[in-house]
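Residue-level listing of the chains:
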Amino acid sequence: MIKNSFILIVLIFSFISCKFSKDESNISKNEVIKLDNLDKINNERLLLLQQKCYACHSVTATSHDHIIAPPMVAIKRRYLVFYKNKEEFVNAMTKWALDPKLENALMRGAVKQFNVMPKQPFNKDEIVKIAEYMYDNELEKPAWFEDHFNEEHPEGMGNGKGKGRKLKTN
């Protein structure tokens, strides 16, 4: 009787594990297809970010003193303070990139240091893709970024040394 019960239990577990393995493999195939498409979309968006933004917003600069614009990771952090959901974030980033103006600047300290970003001949669809990539993904950081960020924002973002200072208007 014990032997028969043991065999029955083993058969039930075998059947259940085969069923789950089969279901998992089907799900995995579907997920792989979705991930492949997502990877292609992300790769396209990352490439646009690298081509359109990194010339000025460098991640390879050796220090804060060797950049001409804030790193994209700093921009993302700042925009996330004001725009919590993806749609608002993407719309705000797109609006700024297509028509940067002093009165619309969120990064007062960066504008004080670097001036307002010059207007560029950007394609709106590409900027939307870049902003979507920024929102959805962790961005590269220059090696010096965290130390600099913490030094400039000792009391949290928006409460650092740049608050309340007069901005350049060139």
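Residues numbered from 1 in each chain as written. Predicted model: local features only at pLDDT ≥ 70, side-chain atom pairs only at ≥ 80, totals over all residues. Heavy atoms only, no water.

Participant: Can you help me understand the overall build of the protein in this one?
Facilitator: Counting secondary structure elements, the protein contains six helices and zero strands. Traced from its N-terminal end to its C-terminal end, the protein shows the element sequence α-α-α-α-α-α. Taking all 170 residues of the protein together, 31% fall into the buried category. The long-range fraction of contacts in the protein, counting pairs at least 24 apart against all pairs at least 6 apart in sequence, stands at 70%. Accessible surface, the protein as shown: approximately 11,700 Å² in total, 56% of it carbon and sulfur. (Helix = DSSP H or I, 4+ residues; strand = E, 2+ residues; numbered from the N terminus. Buried < 20%, exposed > 50% of the residue type's maximum accessible area, 1.4 Å probe, protein only. Contact = heavy atoms within 4.5 Å. Areas by Shrake-Rupley, 256 points an atom, 1.4 Å probe, with all protein chains shown as cover.)

Participant: What am I meant to see in unusual backbone geometry here?
Facilitator: Phi is mostly negative for residues that are not glycine, and the peptide bonds are mostly trans. Even without glycine at this site, asparagine 115 takes up a positive phi of about 75°. For asparagine 115, the location among the structural elements is in the loop between helix H4 (108-114) and helix H5 (124-136).

Participant: What exactly am I supposed to notice about the side chain of histidine 57 here?
Facilitator: Position of histidine 57 among the secondary structure elements: in the loop between helix H1 (2-52) and helix H2 (72-82). Engagement of the side chain of histidine 57 in a polar contact is seen with the backbone oxygen of proline 70, the distance being 2.5 Å. Residues contacting histidine 57, with those up to four places away along its chain left out, are Ala69, Pro70, Pro71, Met72, Ile75 and Met117. (Polar contact = N/O pair within 3.5 Å; in protein donor to acceptor, adjacent residues only side chain to side chain.)

Participant: What's the story with the packing of helix H3 (residues 86-98) against H5 in this structure? I'm lost.
Facilitator: Helix-helix packing is described using two parameters, namely the angle between the two axes and the distance between the axes. Packing of H3 against H5 brings their axes to within 9 Å, and their N-to-C directions diverge by 135°. Our classification of the angle between H3 and H5 gives oblique. Considering the relative orientation of H3 and H5, their crossing is right-handed. Together, Lys86, Phe89, Val90, Met93, Thr94, Ala97 and Leu98 of H3 and Lys124, Ile127, Val128, Ala131, Glu132, Met134, Tyr135 and Asp136 of H5 make up the contact between the two elements. (Axes fitted to C-alpha atoms, helices over the stretch in contact; angles between N-to-C directions. Parallel < 35°, antiparallel > 145°, perpendicular 65-115°, else oblique. Left-handed = near helix turned anticlockwise from the far one by under 90°.)

Participant: How should I be thinking about the side chain of serine 58 in this particular structure?
Facilitator: Positionally, serine 58 belongs in the loop between H1 and H2. In contact with serine 58, other than residues within four places in its own chain, are Pro71 and Pro142.

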